[in-house]
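Listed below, chain by chain, are the residues.
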Amino acid sequence: MIAVIQSKREFMSSPDTLPQNLSHLWSNMTVDRYAQFAKTMGSKVVKQNDVWWKRGHLFCYKPLLPFKKYDIGKVGEAFSKFDVCQYGVHPGQAHNSYLNFIVFEDLCQYEIRKMRKSSQRNLKTAMNKDVVVRRLVDEKEFCAKAYNVYLSFYQRSKYGFRADRTQKSGFVRWSSALFQFPELVVLGAFSGQKLVSFEIGCLLDNTIVLNTSVHSDIGLRLRAPDLLLHYWRLSARESGRIRAIYDGALADRPGVNEFKIHRGGRAVALPAFLQINPVLLWLIRKMSASLYKRLRGLGPDEIASTRRSQNANNDCGKSLD
């Protein structure tokens, strides 16, 4: 079963209006439930001092909700001196690094006419190509149509996490696990009857967390990512209770970050405390400048400088689209 969001004609006549069948799109997900989802998807998660943590690179633990701020006095006791963890801290507390991610804010103010002209053109391009966004609510429908989208995405990106999904049996298992969590919202972009892109998000308190973005080559050409982002923001605005959309950590590929920032996302430098053995940190600094830079993060001035550089490139005719 698929719920249709909006036809081309409806979009063109009222592009800033959310259809009635999406007026109750969001169901809040508890943090414990979200931790269960992350574990089911293959992440290593643990709960320490009432905070859920996710283990990533270098066995470094970060909060499952990395955009939140934590009290350094309480959180610091959760790990031993041999563990590596990093978390955002409250204003005024000691910090030695930054966590970098992208958020979309001011959602109650969102309107297409306030976006850049190029972003408005991209939305019109998608609709002129008859791209239609629908919510996928049926596991069998999703599994049958999303597999080829994932293969196209994988062949382009070589994304390594859960690479078992490149096999149909692995994708079926992943799909089955995914639909055990009805709080998730799965949006798909269709060209005719063919699924070309899909994205997955959930609501935690007053923040939408975008977990998964998978776009086929055809989906990118049809500007499906622009259309999907439009509907996330529009549904958030219409809810009246969603304050932000968390769109993941800054990516290693600048083009991914530029896509989001160019369309109104804000790159954040959240002051963070990195708890790590000093000897290990010294070794990392000597042996891997890139890893050390990733742990240190970009400060506000560095992010602002990067943004100015991107704007300058765009002004010189190097499109970020």
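Since this is a predicted model, take the numbers as computed values, not measurements.

Q: Requested: an account of the nonpolar core, with residues and values cited.
A: In terms of nonpolar packing, the biggest core is built from 52 residues, with Tyr34, Trp53, Phe142 and Phe198 touching the most fellow members. With residues near it in sequence (within four places) discarded, Phe198 still touches Phe142, Ala146, Val149, Trp174, Leu187, Gly188, Thr212, Ser213 and Val214. Membership of the second largest hydrophobic core comes to 35 residues, among which are Met115, Leu228, Ala269 and Ile303.

Q: Now, about a nonpolar patch on the surface: what can you tell me, with residues and values included?
A: Taken together, the side chains of Val279, Trp282, Leu283 and Met287 present a nonpolar region at the surface, about 470 Å² in accessible area. Tracing the sequence through the fold places Met287 in helix α10 (residues 278-287).

Q: Quick one: what's the story with the pattern of salt bridges, residue by residue and with numbers?
A: This structure, assessed with the given rule, holds 13 salt bridges. Measuring nitrogen to oxygen at the nearest pair gives 2.7 Å for the salt bridge that ties Arg113 to Glu111. Since its relative accessible area comes to 60%, Arg113 is described here as exposed. The partner of Lys260 in a salt bridge is Asp247, and the shortest N-O contact between them spans 3.8 Å. Here the residue Lys260 occupies a position in helix α9 (residues 254-262), and Asp247 occupies one in strand β11 (residues 244-249), the gap between them amounting to 13 residues. Given a relative accessible area of 12%, Lys260 falls into the buried group. By relative accessible area, which is 10% here, Asp247 ends up buried.

Q: Hey, could you go over the packing of α10 against helix α11 (residues 289-296) for me, with residue numbers and the actual values?
A: The geometry of α10 relative to α11 is characterised by a closest axis approach of 6 Å and an angle of 125° between their N-to-C directions. The orientation of α10 relative to α11 falls into the category oblique. Contacts between α10 and α11 involve Leu281, Ile284, Arg285 and Met287 from the former and Ala289, Leu291, Tyr292 and Leu295 from the latter. Residues that form the contact of α10 with α11 fall into these classes: seven nonpolar, no polar and one charged.

The rules behind the values
- Residues numbered from 1 in each chain as written.
- Predicted model: local features only at pLDDT ≥ 70, side-chain atom pairs only at ≥ 80, totals over all residues.
- Heavy atoms only, no water.
- Core = buried A, V, L, I, M, F, W, Y, C linked by side-chain atoms within 4.5 Å.
- Buried < 20%, exposed > 50% of the residue type's maximum accessible area, 1.4 Å probe, protein only.
- Contact = heavy atoms within 4.5 Å.
- Patch = residues over 30% accessible without salt bridge, like charges linked within 9 Å, V, L, I, M, F, W, Y side chains within 5 Å.
- Areas by Shrake-Rupley, 256 points an atom, 1.4 Å probe, with all protein chains shown as cover.
- Salt bridge = Lys/Arg side-chain N within 4 Å of Asp/Glu carboxyl O.
- Helix = DSSP H or I, 4+ residues; strand = E, 2+ residues; numbered from the N terminus.
- Axes fitted to C-alpha atoms, helices over the stretch in contact; angles between N-to-C directions.
- Parallel < 35°, antiparallel > 145°, perpendicular 65-115°, else oblique.
- Nonpolar A, V, L, I, M, F, W, Y, C, P; charged D, E, K, R; others polar.

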